[in-house]
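The residues making up each chain are set out below.
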Amino acid sequence: MILDQNGNTSIITQEKATIIELVKKLQALYPKFKNNNIIVVLTALNKLGLQDIVEFLEVSNIHRASKQSFVIVSNNINLDNIPDEIIVVPTIQEAYDIIEMEEMERDLGF
């Protein structure tokens, strides 16, 4: 797990460990990220299924309820099968675009 910080956005990149291990680490370290937007980059993982993405649903819901963005980046999954409660995009730039739009919505009171 590689951690980077870009302004008020934490970027978590996963290269080797399993999704379940990543989610457990993310939950353990959550207090460190709770006030930032979070981007989880999974582009290095070749085999991703719907269940892998759903593993992030609990932490995503908690984070989004606290008025922060939570975006997963993966180009190895069919985006049409992803539940609406979680945001998955194919590129990091699109993740930043989503965060920017959500920040504007929050600023406007949506």
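For clarity, every value in this text was computed on a predicted model and none was experimentally measured.

A. Structural context of the environment of I38. Position of I38 among the secondary structure elements: in strand β3 (residues 37-41). C-alpha separation for the pair I38 and E58, spaced 20 residues apart in sequence, amounts to 14 Å. In contact with I38, other than residues within four places in its own chain, are S10, I12, Y30, F33, H63, S69, F70 and V71.

B. Broad picture of the side chain of E102. Relative to the elements of secondary structure, E102 occurs in helix α5 (residues 92-108). Among residues more than four places away in sequence, those in contact with E102 are R64, S69 and I87.

C. Examining the pairing of strand β4 (residues 70-73) more closely. What you see with β4 is no split at all: F70 and I72 on one side and V71 and V73 on the other are buried throughout. Sheet analysis places β3 next to β4, joined by 4 bridges and oriented parallel. From the neighbouring strand, V41 faces β4, where its bridge partner is V73. When β4 meets strand β5 (residues 87-89), the two strands line up parallel, connected through 3 bridges. Bridging across to β5, I72 finds its partner in V88.

D. Here's a closer look at the pattern of salt bridges. Scanning all chains against the criterion turns up 1 salt bridge. The partner of R64 in a salt bridge is E102, and the shortest N-O contact between them spans 2.9 Å. One end of the pair, R64, is in helix α4 (residues 57-65); the other, E102, is in helix α5, with 38 residues separating them in the sequence. Residue classification places R64 among the partly exposed positions, given a relative accessible area of 30%.

E. Expanded view of a nonpolar patch on the surface. On the surface, a cluster of nonpolar side chains totalling about 210 Å² of accessible area is made up of M1, L3 and L29. Mapped onto the elements of the fold, L3 is located in strand β1 (residues 2-6).

F. Spatial organisation of the side chain of N36. With respect to the helices, strands and loops of the structure, N36 is situated in the loop between α2 (30-33) and β3. Within the structure, the side chain of N36 is placed 3.0 Å from the side chain of S10, a separation counted as a polar contact. Ignoring anything within four residues of it in the chain, the contact list for N36 reads Q5, N8, T9, S10, H63 and Q68.

Parameters at a glance
Residues numbered from 1 in each chain as written. Predicted model: local features only at pLDDT ≥ 70, side-chain atom pairs only at ≥ 80, totals over all residues. Heavy atoms only, no water. Helix = DSSP H or I, 4+ residues; strand = E, 2+ residues; numbered from the N terminus. Contact = heavy atoms within 4.5 Å. Buried < 20%, exposed > 50% of the residue type's maximum accessible area, 1.4 Å probe, protein only. Pairing = 2+ DSSP bridges. Salt bridge = Lys/Arg side-chain N within 4 Å of Asp/Glu carboxyl O. Patch = residues over 30% accessible without salt bridge, like charges linked within 9 Å, V, L, I, M, F, W, Y side chains within 5 Å. Areas by Shrake-Rupley, 256 points an atom, 1.4 Å probe, with all protein chains shown as cover. Polar contact = N/O pair within 3.5 Å; in protein donor to acceptor, adjacent residues only side chain to side chain.

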